[in-house]
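# Analysis of the macromolecular model
As a plain string of letters, each chain reads:
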Amino acid sequence: MVFYSRAAITNLSDILTGLIGWEKHPLEVEHANKYVSDIRIICDSLDTKTIHFNTQYSTHKRYGEKVHNYRRNKQTNWYIIYNLDQHGNVYIQRILSNHTTIAETK
């Protein structure tokens with residue numbers, strides 16, 4: 001099963017709000033909803049993955065042990081940061097973009 005922390009739910013809400021209110025290129029509400037829905041679909045499938053990658057960036061390590069990289073387009077990657085329990089349940093802690101993840105050495 002996949003579970004979301006309050007912070008992760010807030011992240012999804014903030015992504016939606018940010019896409020609609022984006023100064024450079026605001027998205028229509030329907031398109032923004034689809035965008036966030038696509039992220040949710042990826043999140044909800046994490047418990048079916050056989051390989052889980054460890055977090056590399058110290059920023060991400062503060063939130064969880066595992067990370068899934070969802071490349072939305074050439075400019076945007078979403079980092080879904082989560083933990084696993086012994087039963088394979090996924091606990092999503094944060095959803096961050098490459099635009100908010102500070103480049104750092106691993």
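Preceding this paragraph is the structure being described.
Residues numbered from 1 in each chain as written. Predicted model: local features only at pLDDT ≥ 70, side-chain atom pairs only at ≥ 80, totals over all residues. Heavy atoms only, no water.

## Regarding the layout of surface pockets
Condition: Of the grid points, spaced at 1 Å and generated over the protein atoms alone, those admitting a 1.4 Å probe that cannot get out make up cavities, while open sets with protein on both sides within 12 Å along at least five of seven lines make up pockets; any residue with an atom within 4 Å of a point is treated as lining. Grid points are joined across faces, edges and corners, and a volume is the space filled by probe spheres set on the points. To qualify as a helix, a DSSP run of H or I must reach at least 4 residues; to qualify as a strand, a run of E must reach at least 2; elements of each kind are numbered from the N terminus. Side-chain classes follow a simple rule in which Ala, Val, Leu, Ile, Met, Phe, Trp, Tyr, Cys and Pro form the nonpolar group, Asp, Glu, Lys and Arg form the charged group, and the remainder, Gly included, forms the polar group.
In this structure, the largest pocket spans a volume of roughly 400 Å³. Residue lining of the largest pocket: 15 residues in total, with L19, W22, Y35, T76 and H99 positioned closest to the centre. Those elements giving two or more residues to the lining of the largest pocket turn out to be α1 (6-20) and α2 (29-44). Classifying every residue of the lining of the largest pocket by side-chain character gives 6 nonpolar, 8 polar and 1 charged.

## Points about the pattern of salt bridges
Here is the rule we go by: Whenever a carboxyl oxygen of Asp or Glu lies within 4 Å of a side-chain nitrogen of Lys or Arg, that contact is scored as a salt bridge. Accessible area is worked out with a 1.4 Å probe on protein chains only. A residue is then buried under 20% of its type maximum, exposed over 50%, and partly exposed in between.
In this structure the tally under the stated criterion is 2 salt bridges. A salt bridge links D38 to K34, with the nearest nitrogen and oxygen atoms 2.6 Å apart. In this pair, D38 and K34 both sit in helix α2, 4 residues apart, roughly one turn of the helix. The exposure class assigned to K34 is partly exposed, which follows from its relative accessible area of 46%. Taken together, the shared-partner salt bridges in this structure form one network comprising K34, D38 and R72.

## Observations concerning the sheet that holds strand β4 (residues 77-84)
Applicable threshold: Any two strands with at least two DSSP-identified bridges between them are counted as paired. Pairs of residues are marked as contacts when any of their non-hydrogen atoms sit within 4.5 Å. Axis definition: a line fit to C-alpha positions, over the contact stretch in the case of helices; interaxial angles, taken between N-to-C directions, run 0 to 180 degrees.
Spatially, 5 strands are ordered β1-β5-β4-β3-β2 in an open sheet, and the strand pairing comes out mixed. The open sheet has two edge strands, β1 (2-4) and β2 (53-54), and neither has a second partner. As paired strands, β4 and strand β5 (residues 90-97) are joined by 7 bridges and run antiparallel to one another. In the sheet register, W78 faces β5, and the bridge partner there is S97. Lying over the sheet, α1 contacts β1, β4 and β5, oriented at roughly 35° with respect to β5. Sheet contacts for α2: β1, β3 (66-71), β4 and β5; angle to β1, the most-contacted strand, approximately 130°.

## Points about the packing of aromatic side chains
The line we're drawing: Geometry of aromatic contacts follows a simple scheme: Phe, Tyr and Trp rings, the Trp one being its six-membered ring, pair when their centres are within 6.5 Å, and the pair is stacked under 30 degrees between planes, edge-to-face over 60, tilted otherwise.
Tallying each qualifying case throughout the model produces 3 aromatic pairs. Residues Y35 and W78 carry aromatic rings whose centres are separated by 6.3 Å and whose planes lie at 80° to one another, so their mutual orientation is edge-to-face. With Y35 in helix α2 and W78 in strand β4, this pair connects stretches of sequence that are 43 residues apart. Its relative accessible area of 8% is what places Y35 among the buried residues. In this structure W78 comes out as buried when scored by relative accessible area, which is 9%. Where Y57 meets Y79, the ring centres are 6.3 Å apart and the plane angle is 75°; that geometry is what we call edge-to-face. Of the two residues, Y57 sits in the loop between β2 and α3 (58-61) while Y79 sits in strand β4, which places them 22 residues apart along the sequence.

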